[in-house]
Amino acid sequence: MTAVSIPNPERKLALTNVGIAYIAFIIGTLCGLLQVFIRNDALQLPAWLDYYQILTAHGVLLALIFTTFFIFGFFQSGMSKTLGAFGPKVVLWNWVGLIITTIGTVLATVMIVIGEASVLYTFYAPMMANGFFYIGLALFVIGTWVQSFALVGHYRVWRKANPGEQSPLFAFMTVATIVLWVIACLGVVATVLFQFIPWAFGWQEGINVELSRSLFWYFGHPLVYFWLLPAYIAWYVIVPKLIGGKVFSDSLARLAFILFILFSIPVGFHHQLTEPGIASFWKFLQTVLTFMVIVPSLMTAFSLFAVFETRGRELGGKGLFGWFTKLPWKDVRFTSIFVAMLFFIPGGAGGIINASFQMNEVIHNTLWVVGHFHITVGTPVAMTFFGVTFWLVPYLTKRVFTKSLQRLAFPADHHLVDRHASHEYSPACAWIIRGAPPYRLYGLPA
Amino acid sequence: MHLHKYEKIWLSFGFAALIIFLSVVGVSAFHQGHAPSGGLQKVDPDNLEAIPPFDKPGVYEKEDGSYEVIAIAEAFGYTPSEIQVPTGEEVTFKVTSKDVTHSFSIVDTNVNMMVVPGHVNEKTHTFEESGTYLIVCNEYCGSGHHFMSMEIEVVDQ
């Protein structure tokens, strides 16, 4: 594809991040596969291994580790490409951050594997894990902050050298995503540092459960935007390049990201709609604020399809839908991302149902929710990351993404969609049709 | 900032849909009283045996003919473990937890409550059809979580 690449220090950084992401992906996916076998009674776990251990590993490794490491690898590549080579300090601090993140990851993973932290990735109090699990989580977040600040530092260096110039879209969106991430993490850092760690090590008796839940969800919902926005970056910046078009509107793309930062802050209560301790008024207020995210989502949908149509017409597409057939469907880098986008439509619509105040009682903690996050983070985000990987890794390793690899990539992608869509979502869809909720989120009745 | 004509139409449609959705949800919530379960009463989870009404979990008929169900969730079951209520009467469930966070969710109804230690969650429901309803815990609460359930018998008066 291309022999030109970014400088070596950044390549190593990005490849390390992406490499760890895919190790987590493989283990996490295997855990998911094991769950399917266990629930089908096709497999009996040995006595030393518990279903909830595997479930915790599946959630943490895929939703937290795979996404975060991949995102930072992606950011480091893009920031170097668009703003120029990293200075030695930026490289150093990125490594420091990466190492802290990795130590935190290993510590938390070990605690899960030895059965000291079967608390799922929501780790709701007052279920207690080994104190070192929480230390692992804290290190993980601190490490991502160090990498974040190093990247913002790189942006500042560029800004000083180029006063008055408009920043490249990729860099703008990266900084916006980092701002969102740092603000979101304040909640989880507060609860882990001031509530969970003192409590788990016995320095403090008891824990304010409802406060810890609210702080967790202050983080937990923006967390999903932190997964989504890098996928949006790929959709806004990279997809137009892949198909030979250009961004529909640079300024609207930037506005969408700013709106995401704003609308990501006071929305966590919509995960707590059916619990006591929060007055109805505040639950409703956050329902309204949650819905605001529809605005940047619709802007994004418009912008992307405008790019597709414009490019399709340039390539000679005629009539109302003729442009659609002109898109490069045989290019897996485009197709996997396109399929990802399609899944985001039912994903987003399901999200509106989930957040709809009293409607939440109908779906709360049912398999419907499992379906929801598998067709949002599991499909659109993961498949976009796959699409990105198909060009990012060849670019970073200076290798060529061959035709035969392309052919291999198509079934791999379809497998991912199949697994997530039919196995996870169909029970939820069946529920709408049958009108009977598939209860029991975590394990079937014996 | 320039907005394309089609984008203006698209976003106006989006805003209009948003306002309609939220109005429906809001009217339903504040005019018709369809709010999800909740409650601001606090309780000491380590001392439930001594605190009314949780010192005597069970079903109580109130003066106005409605019913109250007092229940405690703990790993991995509920107290009481079986209850009976009539059809066509308002039943208010008041539930709290003795240990970790659970849920109290009656299958095939809109009763789907988080049960948080230290708090009392409340939900009022009227059963229209008689029969046996399953109540499950749908919030992971430990290694025996999937065994945590109870039944509620709804009988015609």
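Reading guide: rules and limits
- Residues numbered from 1 in each chain as written.
- Chains lettered and ligands numbered in written order.
- Predicted model: local features only at pLDDT ≥ 70, side-chain atom pairs only at ≥ 80, totals over all residues.
- Helix = DSSP H or I, 4+ residues; strand = E, 2+ residues; numbered from the N terminus.
- Rg over C-alpha atoms; globule rule 2.2 N^0.38 Å.
- Buried ≥ 20, exposed ≤ 12 C-beta atoms within 10 Å, placed from the backbone.
- Contact = placed C-beta atoms within 7 Å.
- Pairing = 2+ DSSP bridges.
- Axes fitted to C-alpha atoms, helices over the stretch in contact; angles between N-to-C directions.
- Parallel < 35°, antiparallel > 145°, perpendicular 65-115°, else oblique.
- Left-handed = near helix turned anticlockwise from the far one by under 90°.
- Nonpolar A, V, L, I, M, F, W, Y, C, P; charged D, E, K, R; others polar.
- pLDDT = per-residue confidence, 0-100.
- Core = buried A, V, L, I, M, F, W, Y, C linked by C-beta atoms within 7 Å.

Enquirer: Describe the overall build of chain B, naming the residues involved and giving the relevant values.
Expert: Scanning chain B for helices and strands turns up 1 helix and 10 strands. The C-alpha atoms of chain B give a radius of gyration of 20 Å, which is well past the 15 Å a tight globule of 157 residues would have. Seen along its three principal axes, the alpha-carbon backbone of chain B occupies a region of about 65 × 40 × 30 Å. In chain B, which comprises 157 residues, the share counted as buried stands at 36%. For chain B, contacts bridging at least 24 residues in sequence account for 59% of all contacts bridging at least 6.

Enquirer: Which residues make up the overall build of chain A, and what values go with them?
Expert: The helix and strand tally for chain A stands at 15 helices and 0 strands. Scaling as 2.2 N^0.38, a compact globule of 446 residues should have a C-alpha radius of gyration of about 22 Å, and chain A matches this with 22 Å. With the C-alpha coordinates of chain A rotated into their principal frame, the extents come out at 60 × 55 × 50 Å. A total of 446 residues make up chain A; the buried ones form 51% of that total.

Enquirer: Describe in detail the pairing of strand 7 (residues 112–115) of chain B, supporting the description with residues and values.
Expert: All names here are of chain B. Burial along strand 7 is two-sided: Asn-112 and Met-114 facing one way and Met-113 and Val-115 facing the other are all buried. Here strand 6 (residues 102–106) pairs with strand 7 via 4 bridges, running antiparallel. Each bridged residue has a counterpart across the sheet, and for Ser-103 the counterpart in strand 7 is Met-114. The loop that links strand 6 with its antiparallel partner strand 7 comprises 5 residues; one of these, Asp-108, has a positive phi angle of about 70°.

Enquirer: Got a sec to walk through the packing of helix 2 (residues 51–83) of chain A against helix 14 (residues 377–397) of chain A? Specific residues and values, please.
Expert: Residue and element names in this part refer to chain A. Look at helix 2 against helix 14: their axes get within 11 Å of each other, and the N-to-C directions meet at 40°. The angle between the axes of helix 2 and helix 14 places the two elements in the oblique class. The handedness of the crossing between helix 2 and helix 14 comes out as left-handed. Within the contact between the two elements, helix 2 uses Ala-63, Thr-67, Phe-70, Phe-74 and Ser-77 and helix 14 uses Val-377, Val-381, Phe-385, Val-388, Leu-392 and Leu-396. Tallied by class, the residues present in the contact of helix 2 with helix 14 amount to 9 nonpolar, 2 polar and no charged.

Enquirer: Let's hear about the sheet that holds strand 10 (residues 149–155) of chain B: which residues, and what values?
Expert: Residues and elements named next belong to chain B. Spatially, 4-10-9-6-7 is the arrangement adopted by the 5 strands of the open sheet, whose pairing is mixed. Sheet topology places strand 4 (82–86) and strand 7 at the edges, where each strand pairs with a single neighbour. Sheet twist, expressed as the mean angle between neighbouring strand axes with direction ignored, is 25°.

Enquirer: Hey, could you go over unusual backbone geometry for me, with residue numbers and the actual values?
Expert: Of note, the bond from Ala-125 of chain A into Pro-126 of chain A is cis; its omega dihedral lies within 30 degrees of zero at 0°. With respect to the secondary-structure elements, Pro-126 of chain A resides in the loop between helix 3 (88–113) and helix 4 (131–161). Residue Pro-53 of chain B is bonded to the preceding Pro-52 of chain B through a cis peptide linkage, with omega at 0°. For Pro-53 of chain B, the location among the structural elements is in the loop between helix 1 (5–31) and strand 1 (58–61). Look at Leu-120 of chain A: it is not a glycine, yet its phi comes out positive at around 60°. One non-glycine residue, Phe-123 of chain A, lies in positive phi territory at about 30°. Its location among the elements puts Phe-123 of chain A in the loop between helix 3 and helix 4. Judged by the 23 C-beta atoms lying within 10 Å of it, Phe-123 of chain A is buried.

Enquirer: I'd like a rundown of the interface of chain B and chain A, residues and numbers included.
Expert: Counting residues at the interface gives 45 residues for chain B and 46 residues for chain A. Counting residues per element, the side of chain B that touches chain A draws most heavily on helix 1 of chain B, at 11 residues. Residue classes in the side of chain B that touches chain A are distributed as 21 nonpolar, 21 polar and 3 charged.

Enquirer: Explain helix 13 (residues 367–374) of chain A to me, and be specific about the residues and the numbers.
Expert: Across the 8 residues of helix 13 of chain A, 6 count as buried, placing the element largely inside the fold. Along helix 13 of chain A, the positions that sit buried rather than exposed are Leu-367, Trp-368, Gly-371, His-372, Phe-373 and His-374 of chain A.

Enquirer: Requested: an account of the confidence of the model for chain A, with residues and values cited.
Expert: In low-pLDDT regions, the fine details of the predicted coordinates are not to be read closely. Put simply, chain A has an average pLDDT of 87, and 91% of its residues get 70 or more. Predicted confidence is poor over residues 417–446 of chain A, with pLDDT under 50, and the contacts of this stretch with residues over four places away or in other chains come to 56 contacts.

Enquirer: Which residues make up the nonpolar core, and what values go with them?
Expert: Within the largest apolar cluster, 154 residues are counted, with the highest numbers of intra-cluster contacts made by Phe-66, Tyr-134, Leu-229 and Trp-235 of chain A together with Ala-71 of chain B. At 21 residues, the largest contribution of residues to this core is made by helix 6 (residues 209–243) of chain A. Counting residues in hydrophobic clusters, the runner-up holds 5 residues, among them Leu-273 and Phe-357 of chain A together with Val-25 and Ala-29 of chain B.

Enquirer: Got a sec to walk through the confidence of the model for chain B? Specific residues and values, please.
Expert: Per-residue pLDDT for chain B has a mean of 93; in total, 99% of the residues score no lower than 70. The complex model carries a pTM of 0.90, and its ipTM stands at 0.93.

Enquirer: Describe the environment of Leu-48 of chain B, with residues and values.
Expert: All names here are of chain B. Examined against the element boundaries, Leu-48 turns out to sit in the loop between helix 1 and strand 1. A C-alpha to C-alpha distance of 9.1 Å links Leu-48 and Thr-96, two positions 48 residues apart in sequence. If we skip the residues at most four places from it in the chain, Leu-48 touches Val-43, Phe-54, Ile-72, Thr-96 and Lys-98.

Enquirer: Summarise the environment of Val-377 of chain A; cite the residues concerned and give the values.
Expert: Residues and elements named next belong to chain A. Looking at the secondary structure, you find Val-377 in helix 14. Take Val-377: there are 21 C-beta atoms within 10 Å of it, and that puts it in the buried class. Measuring from C-alpha to C-alpha, the distance between Val-377 and Gly-187 comes to 21 Å, with 190 residues separating the pair along the chain.

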